[in-house]
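Chain by chain, the residues:
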Amino acid sequence: MRPPGMRYISTRGMAPRVDFEGALFSGYAPDGGLFMPEELPQLSIETLRQWSTLSYPGLVKELCTLFIGPELIPRDVLNGLIDQAFSRFRHREVVHLSRLRNGLNVLELWHGVTYAFKDLSLCCTAQFLQYFLEKKEKHVTVVVGTSGDTGSAAIESVQGAKNMDIIVLLPKGHCTKIQELQMTTVLRENVHVFGVEGNSDELDEPIKAVFADVAFVKKHNLMSLNSINWSRVLVQMAHHFFAYFQCAPSLDMDPLPRVEVVVPTGAAGNLAAGCLAQKMGLPVRLVVAVNRNDIIHRTVQQGDFSLSEAVEQTLASAMDIQVPYNMERIFWLLSGSNSQVTRALMEQFERTHSVSLPKELHSKLSGAVTSESVSDEAITQTMARCWEENKYLLCPHSAVAVSYHYQQTEQQPPSLPRCCLAPASAAKFPEAVLAAGLTPETPAEILALESKGTRCTPMRKGDDWTLMLRNTIEDISCQQRGHFLNALE
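Residues numbered from 1 in each chain as written. Predicted model: local features only at pLDDT ≥ 70, side-chain atom pairs only at ≥ 80, totals over all residues. Heavy atoms only, no water.

An unreviewed UniProt entry lists the protein under the name Threonine synthase-like 2, with Felis catus given as the organism. Per its UniProt entry, the protein bears the Cofactor (unreviewed entry) comment "pyridoxal 5'-phosphate". Turning to the protein, the UniProt annotation filed under Sequence similarities (unreviewed entry) states: "Belongs to the threonine synthase family." (UniProt positions renumbered as here; feature names shortened; annotations may be inferred.)

Next comes the structure, spelled out in structure tokens:
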């Protein structure tokens, strides 16, 4: 008998258990919840000391071994997939820590092809998908809605793959020019990009409608790749381990020293990853930093998990999100894996868009995480100060985290080492750099996008977006059947 590997259950408790492969291919669980590991491995101080010398890819390998299981992907194969995933990264460490003045540590998660942290998890996810698809000789169509970075990272991770097509819906005029070009200039046969006349919450509607048709999803092997996908949260746990090991003074103490990790976030995927790492025994203090779209801040401070009137456009545009769906994972984790509590909460939120967290859950949350909300003015001031002190350009999302650091150091010298996660390169946000009164530095690869051909199908107000999406999916399936028949002849 093979030992059963890690199993995954839904946060809402009404779906059958699945293995890693099942969680990877499903996105949402059938009951509308999100997949979480049934048991969390507890890491001993000894294990943490052993891991402390590992490279970033080495940490990803250890975490993936724990959460996938060698019976699904043998260890040597897994190592090869992860090395392949990181092979196009520009920095030899893959993830790099910059140590700047006044105790500022910036963990650069943006050395991938699209200059954003999503390259890290999506490259791995695509390798895992490709592995299972080749084994089963199957094809999937990936459907992604993007607020900016997810789309380009997803396209780069699957472009040219023979077992996958990708459809991306981007919000026309709501991404930066560079983000849009990174998506519309990839002219591969398996990449299909739509420019939607709406914001990123509106373009999610046709995607939700298509995924709600279970028979259609099954027939066309549809899947999603946004940050609800468990494999992305899994890889993002490595950010927290790497940040900890890079910034902890010494691991010879018992108990181990603590490190504060500042997580700028929109949909709370990186935050959910941090909460999981913390629960596994990593001694991190988590600070969540958001822009003016402050639902997570209000939830941590007052237990007020409710939608605001509208999404506010900020300089940190990738975090302009009203519904941080990964909070559901955090509620589940902190309520002691209580799927009844989580289901009741989320169903009420879906009905009324407003929930007050139960007292006990709120105190658990405010114990696990502190929070801050940062204005556009604070973002530009932080970018300017960081440049002045270090000649170092921050992207506006990274500045949301660093703003918290500056605010804290003004009040008192840091009691703990602190690491700010930097989700993207400033090169992607020249508009924000200019707004901060600074001069953008644009790498050659990004300049080259200007002169490339583009391909993007408009979805206009008044069009039936759901129908357009369904038709595209059906066309892809027809073509696949054509390829398949040709291969047989």
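*Asks:* I keep staring at the pattern of salt bridges and nothing clicks. Help me out?
*Replies:* Scanning all chains against the criterion turns up 18 salt bridges. Notably, a salt bridge pairs glutamate 350 with arginine 12, separated by 2.8 Å at the nearest N-O pair. Placement of the pair is glutamate 350 in helix 14 (residues 339-352) and arginine 12 in the loop between strand 1 (8-10) and helix 1 (20-26), with a sequence separation of 338 residues. Linking glutamate 38 and arginine 17 is a salt bridge whose minimum nitrogen-to-oxygen distance equals 3.1 Å. One end of the pair, glutamate 38, is in the loop between strand 2 (35-37) and helix 2 (45-51); the other, arginine 17, is in the loop between strand 1 and helix 1, with 21 residues separating them in the sequence. In this structure, a network of salt bridges that share partners links the residues Arg12, Glu328 and Glu350. (Salt bridge = Lys/Arg side-chain N within 4 Å of Asp/Glu carboxyl O. Helix = DSSP H or I, 4+ residues; strand = E, 2+ residues; numbered from the N terminus.)

*Asks:* Help me understand the sheet that holds strand 5 (residues 140-145) in this model?
*Replies:* Picture the strands of a sheet paired through backbone hydrogen bonds; they go either parallel or antiparallel. The strand order across the open sheet formed by five strands is 8-5-6-7-15, and the pairing between neighbours is parallel. The open sheet terminates on both sides in strands that have one partner only, identified here as strand 8 (222-224) and strand 15 (457-459). Between one strand and the next, the sheet's axes are offset by a mean angle of 25 degrees, whatever the strand orientation. Relative to strand 7 (residues 191-196), strand 6 (residues 164-171) runs parallel, the two being bridged by six bridges. Bridging from a neighbouring strand, leucine 170 pairs with glycine 195 of strand 7. (Pairing = 2+ DSSP bridges. Axes fitted to C-alpha atoms, helices over the stretch in contact; angles between N-to-C directions.)

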